[in-house]
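# Descriptive analysis of the structure
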Amino acid sequence: MRFDVVSIFPEYLAPLDLSLIGKARTEGLLELAVHDLRSYTQDRHRTVDDTPYGGGAGMVMKPEPWAQSLTDIAAASPVAEGSRPTLIVPSPAGEVFNQSLAYELAEEEHLVFACGRYEGIDERVLEWAADSYIVRPVSLGDYVLNGGEVAVLAMVEAIGRLIPGVVGNPESLIEESHSDGLLEYPVYTKPSSWRERDVPDVLLSGNHGKIAKFRKELQLRRTAQRRPDLIDILDVSNFSKTEKNVLWELGYAVVNGRAVRREDS
Ligand code: 6GU
């Protein structure tokens, strides 16, 4: 898999040399290049921004340096003739990035990230780029960052770790938060008693059936408390009697494979 990132702050992407993603690059599991947008400017001042038509606060990124960089990158794309690389445009105005989008993007052969700064990139760039890219504005969530770089660090890590071989133990991909639509259960390690606090007995019992049940219950409790929005979209049609009882205790009834808040809760 190949990643290209275009930014006016290429140094911002330095953490991608480290840790799991850095190691994956060294091992050739993924290729990643960072490009300085200013190297695609033609003027003496290497200008990348200008004032917005129609007025308003801040500056807008000029279209031409983007066209130059994206043309170069598309020309060197590893994708097969007749298919297009994906252009991710980090923006608080994009579709929300989540684990299922991470899985979807991990299937792509070539992802290009266009990091905007200031008030954003001239909209015509996104229209123009659709000739040679699948263009997807993507947001990390409902808050505003100063630019796309931090969002790219998050997305490359979330996507990169799903590439086979990047995470040493593939089991850890299966059990983690969000992969089953629920938050992860709490974890504990030695010592079993620490500062007057004991690890739940069942985890020391060696009874794997009981442990699995206990953990699923904690997942449900934690998700209902912290992320009730996830309970609303959960498929509970294959839930056991015990799991449905936990949901009931948390104030939900099971109707047509969905958990719905009970009137009386
Ligand atoms: Cl992807 N970009 C920016 N600039 N701000 C954000 C964001 C992205 N996601 C949330 N806020």
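Use the structure listed above.
Here we summarise the structure given alongside this text.

Procedures and definitions
- Residues numbered from 1 in each chain as written.
- Predicted model: local features only at pLDDT ≥ 70, side-chain atom pairs only at ≥ 80, totals over all residues.
- Heavy atoms only, no water.
- Helix = DSSP H or I, 4+ residues; strand = E, 2+ residues; numbered from the N terminus.
- Rg over C-alpha atoms; globule rule 2.2 N^0.38 Å.
- Buried < 20%, exposed > 50% of the residue type's maximum accessible area, 1.4 Å probe, protein only.
- Pairing = 2+ DSSP bridges.
- Axes fitted to C-alpha atoms, helices over the stretch in contact; angles between N-to-C directions.
- Patch = residues over 30% accessible without salt bridge, like charges linked within 9 Å, V, L, I, M, F, W, Y side chains within 5 Å.
- Areas by Shrake-Rupley, 256 points an atom, 1.4 Å probe, with all protein chains shown as cover.
- Salt bridge = Lys/Arg side-chain N within 4 Å of Asp/Glu carboxyl O.
- Arc of directions from axis to C-beta.
- Contact = heavy atoms within 4.5 Å.
- Parallel < 35°, antiparallel > 145°, perpendicular 65-115°, else oblique.
- Left-handed = near helix turned anticlockwise from the far one by under 90°.
- Nonpolar A, V, L, I, M, F, W, Y, C, P; charged D, E, K, R; others polar.
- Near = heavy atom within 4 Å.
- Polar contact = N/O pair within 3.5 Å; in protein donor to acceptor, adjacent residues only side chain to side chain.
- Core = buried A, V, L, I, M, F, W, Y, C linked by side-chain atoms within 4.5 Å.

In terms of helices and strands, the protein carries 9 helices and 11 strands. Radius of gyration (C-alpha) of the protein: 23 Å, far over the 18 Å computed for a compact globule of 265 residues. Dimensions of the protein along its principal axes, counting C-alpha atoms only, are 70 × 45 × 45 Å. Within the protein, the fraction of its 265 residues that count as buried is 40%.

If you walk across this open sheet you meet the 5 strands as E2-E1-E6-E5-E7, and the pairing is parallel. Single-partner strands in this sheet number two, and they are strand E2 (31–36) and strand E7 (134–139). Across the sheet, the mean angle from the axis of one strand to that of its neighbour is 30°, orientation sign disregarded.

Among the surface-exposed residues, Phe 9, Tyr 12, Tyr 143, Leu 145 and Val 150 lie close enough to one another that they form a single nonpolar patch of about 430 Å² accessible area. With respect to the helices and strands, the residue Phe 9 is situated in the loop between strand E1 (2–7) and helix H1 (19–26).

Three or more residues of helix H9 (residues 241–249) are buried, namely Glu 243, Val 246 and Leu 247. Angularly, the buried residues of H9 cover 100° about the axis, an arc narrow enough to put them on a single face. With respect to the buried face of H9, the exposed residues turned more than 90 degrees away are Lys 241 and Glu 249. On the buried face of H9, the contacting elements are helix H7 (208–226), strand E10 (252–255) and strand E11 (258–261). Following H9 by one or two positions, Gly 251 has its phi on the positive side, about 100°.

Okay, the packing of H7 against H9 next. Interaxial distance between H7 and H9 falls to 10 Å at its minimum, and their mutual angle equals 30°. Viewed along their axes, H7 and H9 adopt a mutual orientation that is roughly parallel. Every pair of crossing elements has a handedness; the one defined by H7 and H9 is right-handed. Contacts between H7 and H9 involve Lys 213, Lys 216, Glu 217, Leu 220 and Arg 221 from the first element and Thr 242, Glu 243, Val 246, Leu 247 and Glu 249 from the second. In terms of residue class, the contact of H7 with H9 is made up of 3 nonpolar, 1 polar and 6 charged.

The next subject is the site of the ligand. Looking at the ligand, the residues that line it are Pro 90, Ser 91, Pro 92, Val 138, Ser 139, Leu 140, Gly 141, Tyr 143, Val 144, Leu 145, Gly 147 and Ala 151. Take Tyr 143: an N or O atom from its main chain is 2.5 Å from a nitrogen atom of the ligand. Considered on its own, the ligand offers 290 Å² of accessible surface; in the complex 96% of this is hidden by protein. With 3 residues, the single largest contributor to the shell around the ligand is strand E5 (residues 86–96). A class-by-class count of the residues in the shell around the ligand yields 8 nonpolar, 4 polar and no charged.

This paragraph deals with the nonpolar core. Across soluble globular proteins, nonpolar side chains show a tendency to be buried alongside one another. Counting 30 residues, the largest nonpolar core has Phe 3, Leu 30, Phe 97, Phe 113, Met 155, Val 156 and Ile 159 as the members making the most contacts within it. The set of elements that each furnish at least two residues to this core consists of E1, H1, helix H3 (99–106), strand E6 (110–114) and helix H5 (149–160). If we ignore the near neighbours within four places in the chain, the residues touching Phe 97 are Ala 102, Leu 105, Val 138, Ser 139, Leu 140, Met 155, Ala 158 and Ile 159. Of all hydrophobic cores here, the second largest spans 17 residues; its members include Ile 73, Leu 87, Val 125 and Ala 129.

This next bit is on the side chain of Asp 4. When you line up the elements, Asp 4 lands in strand E1. Judged by its relative accessible area of 2%, Asp 4 is buried. At a separation of 2.7 Å, a polar atom in the side chain of Asp 4 contacts the side chain of His 35. Here Asp 4 is in contact with Ala 33, His 35, Ile 73, His 110, Leu 111, Val 112 and Phe 113, once residues within four sequence places are set aside.

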